[in-house]
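Read off the chains here:
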Amino acid sequence: MLAFKLIYSDGYDLNLGDHVFPAVKYKLIREKCLAEKIAGPEDFLEPEAAPDEDILRVHSQEWVRKLKTGKLSPAEVLRLEVPYSPQLVRAFWLSAGGSTLAARRALADGCSFNFGGGFHHAFPDHGEGFCAIHDVAVSIRALQARGAIGTALVVDLDVHHGNGTAAIFGGDPSVFTLSMHQENNYPYPKPPSDLDVGLPDFTSDETYLRLLREALAQAFERFAKEASPLLPEAGASGLGGSRITGHGARATPDLIWYLAGADPYQEDQLGGLALTKEGLAERDSIVFEAARSRRIPIAITFAGGYARQVQDTVTIHTNTILAAQGVFRSSA
Ligand SMILES: [Zn+2]
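Conventions adopted
- Residues numbered from 1 in each chain as written.
- Predicted model: local features only at pLDDT ≥ 70, side-chain atom pairs only at ≥ 80, totals over all residues.
- Heavy atoms only, no water.
- Axes fitted to C-alpha atoms, helices over the stretch in contact; angles between N-to-C directions.
- Helix = DSSP H or I, 4+ residues; strand = E, 2+ residues; numbered from the N terminus.
- Parallel < 35°, antiparallel > 145°, perpendicular 65-115°, else oblique.
- Left-handed = near helix turned anticlockwise from the far one by under 90°.
- Contact = heavy atoms within 4.5 Å.
- Nonpolar A, V, L, I, M, F, W, Y, C, P; charged D, E, K, R; others polar.
- Donors = N, O, S within 2.8 Å, 3.2 Å for Na, K, Ca; no water.
- Buried < 20%, exposed > 50% of the residue type's maximum accessible area, 1.4 Å probe, protein only.
- Polar contact = N/O pair within 3.5 Å; in protein donor to acceptor, adjacent residues only side chain to side chain.
- Phe/Tyr/Trp six-rings, centres within 6.5 Å; stacked < 30°, edge-to-face > 60°.
- Lys NZ or Arg CZ within 6 Å of the ring centre and 35° of its normal.
- Arc of directions from axis to C-beta.
- Pairing = 2+ DSSP bridges.
- Salt bridge = Lys/Arg side-chain N within 4 Å of Asp/Glu carboxyl O.

Colleague: If you had to explain the packing of helix 1 (residues 25-35) against helix 10 (residues 310-329) to someone new, which residues and values would you point to?
Modeller: The description of two packed helices rests on the angle between their axes and on the distance between the axes. At a minimum axis distance of 9 Å, the contact between helix 1 and helix 10 shows a crossing angle of 60 degrees. Judged by the inter-axis angle, helix 1 sits oblique to helix 10. Handedness of the helix 1/helix 10 crossing: right-handed. Across the interface between the two elements, Lys25, Leu28, Ile29, Lys32 and Cys33 from helix 1 touch Val310, Gln311, Thr313, Val314, Thr315, His317, Thr318 and Ile321 from helix 10. Here the contact of helix 1 with helix 10 is composed, by residue class, of 6 nonpolar, 5 polar and 2 charged.

Spelled out as structure tokens, the structure:
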């Protein structure tokens, strides 16, 4: 039995047919977890679709209406890069509900995974790059609205820049966004995150992991400085429970969202970095250790992954679960 919950639904399948996005991966990861006894059926939770009220905290009425009624223009479908279907829309709503559930479970258990989601290219008024609804943003806004969190840190390690995340949270000091990505890759342009680390092509494990450690340290340091004015007074509970912890009264985010894309892998069809499976597993451990050592709850979504062999993508994502188990079992 795992020390945390895995959020999964058969409805996460985006109904894409023969497409570079392997929507079947969600189901395959679940099967691998069960077959290899990494998790039992009791470790899985089934999400409900996010209520429109939650979706509308991030997305425009017009975009939501178009998605729900199938009234996207040909140009909008082209930009989305996935074929429109009611099942696709259902999958996005379910993924947003799943991310909200994962964030809530992370607050309760310290950690939780949403298998679906990580749709970081979705903007308030349009979708692109396989992403129509920004599930992570929906979950953060839902928890903020309910007073469950005040602040959050988004750590986006998908190979592609988190342009939707940057656009949604730009100018909002309650959410610090870190994106570490391949610079010479989609999307163009890249609206600024709070901290962007644009990597050169073919970046290796060693360089990547060193830059990741530096970026995380910088993100926590800057969060402590930039979010401190949000907190009413040192030692008091801030926006819905923001905490000041440790020596020197340093503020830490109430929640970390980790987008653990499998696409920095060297065999990825849509990525151009040179990470190995071992390097990616080390990456995961670094992020989990950063959360655990600061006692910050962490929610994880798998985001992208387009390895030539879908089994490689499935293995990399499953390894992320194992890395979390390694870090959080010992501290449970
Ligand atoms: Zn990606």
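From this point on, the discussion continues.
Colleague: Give me the lowdown on the coordination of the zinc ion, citing residues and values where you can.
Modeller: Under perfect tetrahedral coordination by four donors, a metal shows angles of 109.5 degrees; under perfect octahedral coordination by six donors, it shows angles of 90 or 180 degrees. Coordination of the zinc ion by the protein comes from Asp158 (OD), His160 (ND1) and Asp263 (OD), over a distance range of 1.9 to 2.1 Å. Every donor residue of the zinc ion comes from the same chain, spaced as D-x1-H-x102-D. With Asp158 in the loop between strand 4 (152-156) and helix 7 (163-169) and Asp263 in the loop between strand 9 (256-259) and helix 9 (277-294), the pair connects residues that are 105 residues apart, well separated along the chain. For Asp263, a relative accessible area of 0% corresponds to the buried category.

Colleague: Go over the environment of Arg308, please, and point to the residues and values.
Modeller: Inspection of the secondary structure puts Arg308 in the loop between strand 10 (298-301) and helix 10. The exposure class assigned to Arg308 is exposed, which follows from its relative accessible area of 51%. Residues Arg308 and Asp268 lie 40 residues apart in sequence; the distance between their C-alpha atoms is 6.2 Å. If sequence neighbours within four positions are ignored, Arg308 has contacts with Glu267, Asp268 and Gln269. At 2.8 Å, the side chain of Arg308 forms a polar contact with the backbone oxygen of Glu267.

Colleague: How would you explain the packing of aromatic side chains if you had to name every residue and give the values?
Modeller: Scanning the entire structure with this criterion turns up 15 aromatic pairs. Here the aromatic rings of Phe21 and Tyr26 are separated by 6.5 Å at their centres, their planes lie at 50 degrees, and the arrangement is tilted. Here Phe21 matches Tyr26 in class, with each residue buried. Here Tyr258 and Phe288 contribute two aromatic rings whose centre-to-centre distance is 5.8 Å and whose plane-to-plane angle is 80 degrees, an arrangement assigned as edge-to-face. A residue pair is termed long-range when its members are at least 10 positions apart, and Tyr258 in strand 9 and Phe288 in helix 9 qualify at 30 residues. Given the relative accessible area of 0%, Phe288 is considered buried. For Arg30, the ring lying beneath its charged end belongs to Phe44, and the centroid distance is 4.7 Å. Sitting over the ring of Phe220, Arg294 keeps its end group 3.8 Å from the ring centre.

Colleague: Tell me about helix 3 (residues 61-69), residues and numbers included.
Modeller: Considered for burial, the residues of helix 3 that qualify are Trp63, Val64, Lys66 and Leu67. Each buried residue of helix 3 sits inside an arc of 160 degrees when the element is viewed along its axis, so together they form one side. Of the surrounding secondary structure, the elements contacted by the buried residues of helix 3 are helix 2 (52-55), helix 4 (74-80) and helix 5 (86-109). At the C-terminal side of helix 3, Gly70 shows a positive phi close to 70 degrees.

Colleague: So what's going on with the sheet that holds strand 9? Residues and values would help.
Modeller: With parallel pairing, the 8 strands of this open sheet are ordered in space as 2-1-3-10-9-4-5-6. Each of the sheet's edge strands pairs with one partner strand only, and the pair in question is strand 2 (44-45) and strand 6 (195-199). Relative to strand 2, strand 1 (residues 5-7) runs parallel, the two being bridged by 2 bridges. Paired with Leu6 across the two strands is Phe44, which belongs to strand 2. Helix 5 rests against strand 1, strand 2, strand 3 (111-114), strand 9 and strand 10 of the sheet, and its axis sits at about 170 degrees to strand 3.

Colleague: Describe the pattern of salt bridges, with residues and values.
Modeller: Counted under the stated rule, the structure contains 17 salt bridges. The partner of Arg57 in a salt bridge is Asp54, with the nearest N and O atoms 2.6 Å apart. Its relative accessible area of 32% is what places Arg57 among the partly exposed residues. As a salt-bridge pair, Glu289 and Arg292 come within 2.6 Å of each other at their nearest N and O atoms. Of this pair, Glu289 and Arg292 both sit in helix 9, 3 residues apart, which is roughly one turn of that helix. Salt bridges sharing common partners tie together Glu53, Asp54, Arg57 and Arg146.

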